[in-house]
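# Chains, contacts and geometry: an overview
Listed below, chain by chain, are the residues.
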Amino acid sequence: MSQATVSLSFTDAQASAIDAALNELEAQFAALVAMPAGERRRLMKMGDKSEAFCRQTLSLLDQNRQLVPQSMGLAGVQQSLDALDWMRPRMQRLIRLGERLSNTDTVVGSTIMQASLQGYALLKVAGRNQGLEGLRETLGARFSRRPKVPEAKAA
């Protein structure tokens, strides 16, 4: 299996533009909610089937407003549905971009690791007579295994 590689670099101007764009996204999305995982797990979820149910129910309620008490806040729920429809395509784009960033991070790290392992192998062979033995041993600590700690015996 061949190693995936990527040759990648960013100019200072690109980095500044990307950082400015991210700052602007963070500012524009300031109203987004953050919550602990436990709280998120406790929320009722709206899956695909539930979404169809919700859309149909809200449509029927909107067509029959005489049935809906003012306290239900139908206008606010419809506003939430509109926000959901607005967010989804943007979320998909951001997720896709995040996946590409993550994949590129993995490929770049793998490329660096592969080159470093090749370099380390060269140092092991060619570095012996070059005064690099101590430095090579320091690098080799990455591969050392920790001694296994004996399990405590039951008394």
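Right above here is the structure, for reference.
Here goes a summary of the coordinates provided. Residue indices follow the written sequence of each chain, beginning from 1 at its first position. Restriction of local features to residues with pLDDT of at least 70 applies here, the model being predicted, together with a cutoff of 80 or more for giving and counting side-chain atom pairs; totals for whole chains, interfaces and linings are based on all residues. Note that water and hydrogens are dropped before the side-chain values are worked out from all heavy atoms of the structure.

### A short note on the packing of helix H3 (residues 48–63) against helix H4 (residues 74–126)
Here, axes are lines fitted to C-alpha atoms. For helices the fit covers the stretch in contact, and angles between N-to-C directions go from 0 to 180 degrees. Only DSSP runs of H or I reaching four residues or more are called helices, and only runs of E reaching two or more are called strands; each is numbered from the N terminus. Look at H3 against H4: their axes get within 11 Å of each other, and the N-to-C directions meet at 140 degrees. Here H3 lies oblique to H4, going by the angle between them. You can see that H3 and H4 cross each other, and the crossing is left-handed. For the pair H3 and H4, contact is made by Glu 51, Arg 55, Leu 58, Leu 61 and Asp 62 and by Leu 74, Val 77, Gln 78, Leu 81, Leu 84, Asp 85 and Arg 88, respectively. Residue polarity follows a fixed list, in which Ala, Val, Leu, Ile, Met, Phe, Trp, Tyr, Cys and Pro are nonpolar, Asp, Glu, Lys and Arg are charged, and the others, Gly among them, are polar. In terms of residue class, the contact of H3 with H4 is made up of 6 nonpolar, 1 polar and 5 charged. Comment on the angle field: the value is read as roughly parallel under 35 degrees, roughly antiparallel over 145, roughly perpendicular from 65 to 115, and oblique elsewhere. The handedness criterion is simple: a crossing whose near helix is rotated anticlockwise from the far helix by less than a right angle is left-handed, and one whose near helix is rotated clockwise is right-handed. We call two residues in contact when some of their heavy atoms are within 4.5 Å.

### A short note on the nonpolar core
Within the largest apolar cluster, 6 residues are counted, these being Leu 58, Leu 61, Val 68, Leu 74, Leu 81 and Leu 84. The set of elements that each furnish at least two residues to this core consists of H3 and H4. Excluding its chain neighbours within four sequence positions, the residues that come into contact with Leu 61 are Val 68, Met 72 and Leu 74. Nonpolar core, defined: a set of buried Ala, Val, Leu, Ile, Met, Phe, Trp, Tyr and Cys residues in which side-chain atoms within 4.5 Å join the residues together. In this scheme, a residue with accessible area under 20% of its type's maximum is buried, one over 50% is exposed, and one in between is partly exposed, where area comes from a 1.4 Å probe on protein chains only.

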